[in-house]
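Analysis of the macromolecular model
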Amino acid sequence: MKIGVLSIQGAVSEHLKHLELCRVEAVPVKTIENLSEVSGLIIPGGESTTIGKLIEVYGLDGPIKERARNGTLAVFGTCAGMALMARDVADGSTDQPKLGLMNTIVKRNAFGRQKESFETGLDFKGLEHPLVAVFIRAPIILEAGDNVEILASLPEGIVAARQANLLATSFHPELTGDQRLHQLFVDICKAL
Ligand code: GLN
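Thresholds applied
Residues numbered from 1 in each chain as written. Predicted model: local features only at pLDDT ≥ 70, side-chain atom pairs only at ≥ 80, totals over all residues. Heavy atoms only, no water. Helix = DSSP H or I, 4+ residues; strand = E, 2+ residues; numbered from the N terminus. Rg over C-alpha atoms; globule rule 2.2 N^0.38 Å. Contact = heavy atoms within 4.5 Å. Areas by Shrake-Rupley, 256 points an atom, 1.4 Å probe, with all protein chains shown as cover. Lys, Arg positive; Asp, Glu negative; His and termini not counted. Charge placed at Lys NZ, Arg CZ, Asp CG, Glu CD. Near = heavy atom within 4 Å. Polar contact = N/O pair within 3.5 Å; in protein donor to acceptor, adjacent residues only side chain to side chain. Buried < 20%, exposed > 50% of the residue type's maximum accessible area, 1.4 Å probe, protein only. Phe/Tyr/Trp six-rings, centres within 6.5 Å; stacked < 30°, edge-to-face > 60°. Core = buried A, V, L, I, M, F, W, Y, C linked by side-chain atoms within 4.5 Å.

Focus: the overall build of the chain
- Along its length, the chain carries 6 helices and 12 strands.
- In terms of overall dimensions, the chain is globule-like: its C-alpha atoms have a radius of gyration of 15 Å, near the 16 Å expected for 192 residues.
- Along the three orthogonal principal directions, the C-alpha set of the chain runs to about 40 × 40 × 30 Å.
- Partitioning the contacts of the chain with sequence separation of at least 6, the portion at a separation of at least 24 is 66%.
- Here the chain has roughly 8,500 Å² of accessible surface; of this, 48% comes from carbon and sulfur atoms.
- Of the charged side chains in the chain, 19 are positive and 23 negative, and the gap between their average positions amounts to 1 Å.

A word on the site of the ligand
- Around the ligand lies a shell formed by Gly-45, Gly-46, Glu-47, Ser-48, Cys-79, Ala-80, Arg-108, Asn-109, Ile-136, Arg-137 and His-172.
- One of the side-chain nitrogen or oxygen atoms of Arg-108 is found 2.7 Å away from an oxygen atom of the ligand.
- One of the side-chain N or O atoms of Asn-109 is found 2.5 Å from a nitrogen atom in the ligand.
- Starting from 300 Å² of accessible surface for the ligand in isolation, the protein chains cover 98%.

Thoughts on the side chain of Ser-7
- Looking at where Ser-7 falls in the secondary structure, it is placed in the loop between strand E1 (2-6) and helix H1 (12-21).
- Classification of Ser-7 as buried rests on a relative accessible area of 19%.
- Once residues lying within four places of it in the same chain are set aside, the contact partners of Ser-7 are Val-12, Pro-28, Val-29 and Lys-30.

Structural notes on the packing of aromatic side chains
- For the coordinates displayed, the defined rule picks out 5 aromatic pairs.
- Measuring from centroid to centroid gives 5.4 Å for Phe-76 and Phe-185, while their planes differ by 45 degrees, and the two rings are tilted. Of this pair, Phe-76 sits in strand E4 (residues 74-78) while Phe-185 is found in helix H6 (residues 180-190), placing the two residues 109 residues apart along the sequence.
- Phe-185 gets classed as buried once you look at its relative accessible area, which sits at 0%.
- Ring geometry for Phe-135 versus Phe-171: centroids 5.6 Å apart, planes at 55 degrees, classification tilted. Separated by 36 residues along the polypeptide, Phe-135 in strand E8 (residues 131-136) and Phe-171 in the loop between strand E12 (166-169) and H6 bring together distant segments of the chain.
- Put simply, the rings of Phe-111, Phe-118, Phe-135 and Phe-171 pair up and form one aromatic cluster.

Comments concerning the nonpolar core
- The biggest cluster of nonpolar side chains holds 33 residues, and the ones touching the most others in it are Val-159 and Phe-171.
- When residues of this core are traced back to their parent elements, those giving at least two are E1, H1, E4, E8, strand E10 (149-154), strand E11 (157-163) and H6.
- Of the residues forming this core, the biggest block, 5 residues, is contributed by H6.
- Counting residues in hydrophobic clusters, the runner-up holds 31 residues, among them Val-75, Leu-84, Met-85 and Val-148.

Regarding the environment of Asp-95
- Note on placement: Asp-95 falls in the loop between strand E5 (86-89) and strand E6 (102-107).
- Residue Asp-95 is classed as partly exposed on the basis of its relative accessible area of 44%.
- Considered as a pair, Asp-95 and Lys-53 are 42 residues apart in the sequence and their alpha carbons are 9.2 Å apart.
- At 3.4 Å, the side chain of Asp-95 and the side chain of Lys-53 are in polar contact.

Digging into unusual backbone geometry
- A positive phi is found at Cys-79, a non-glycine position, where the angle reads about 55 degrees.
- Residue class for Cys-79 comes out buried when judged on its relative accessible area of 5%.

A look at the environment of Arg-67
- For Arg-67, the location among the structural elements is in helix H4 (residues 61-69).
- Look at Arg-67 and you get buried, because its relative accessible area is 17%.
- Sequence separation between Arg-67 and Ser-36 is 31 residues; the distance between their C-alpha atoms is 9.5 Å.
- Beyond its immediate stretch of four places on either side in the chain, Arg-67 contacts Leu-35, Ser-36, Val-38, Ser-39, Thr-72 and Leu-73.

Set out below in C-alpha cells:
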C-alpha cells in the first residue's frame, strides 16, 4: 500500500518520514498519475489559497474529490489542509479555493496574532495519552455536521475531526516525534 503526501508546498518531507516510520511506502504526489497510485493522501500545512490554486492547476482537484467521495481515497489535512477540506471557509475571500470534502466550516488564522504559533498538550479521542500539538497560524473548525466526529478541542474551538475516510487537524503532527496520528491515518487507509 502506498500513501502520498501532496507535494506542492509545506512540510512534505516530515510527513513522508512519519509515514515511513509507520512502515508504509510513502510517496510525494504532484501529478494525477502519482495520485492514482495511492490509497491515502496527506494535504500538509502551508498557505491554503496557494495550495488550493495549485491543486487546480495540476488538475488534482477533480480526482481528489471524486475518490474521497466514493471512498477509494483517504485524506488527512493538516492546518491549511484542514481549511482546504472544509465545506466552507467562514472568512475566506471569494476566490478561496476549496475541496469541500468534509461537512465542516473552518475559520482560518483563528488564534489571533499574539498566539499565532504555540504548542500545547492536547487530549485526543482514542489516544491513551495526550499529544503535543504544534499550532502555526492555525485554523479551527467552527461548525461540524452530525456525520463528523470531533476528536480534539481547545477553548477556541474544534482542532481535530474525522468523517469516515477523512481526517483533519488544525495542528502539525509531522513536527513532533509522535507517530500516533500518522498511524491512525495509515489504519484508515488500510480499512478502505
Ligand atoms: N494560515 C494558513 C492558511 O490558512 C495555514 C497555516 C499553516 O498551514 N501552518 O492558509
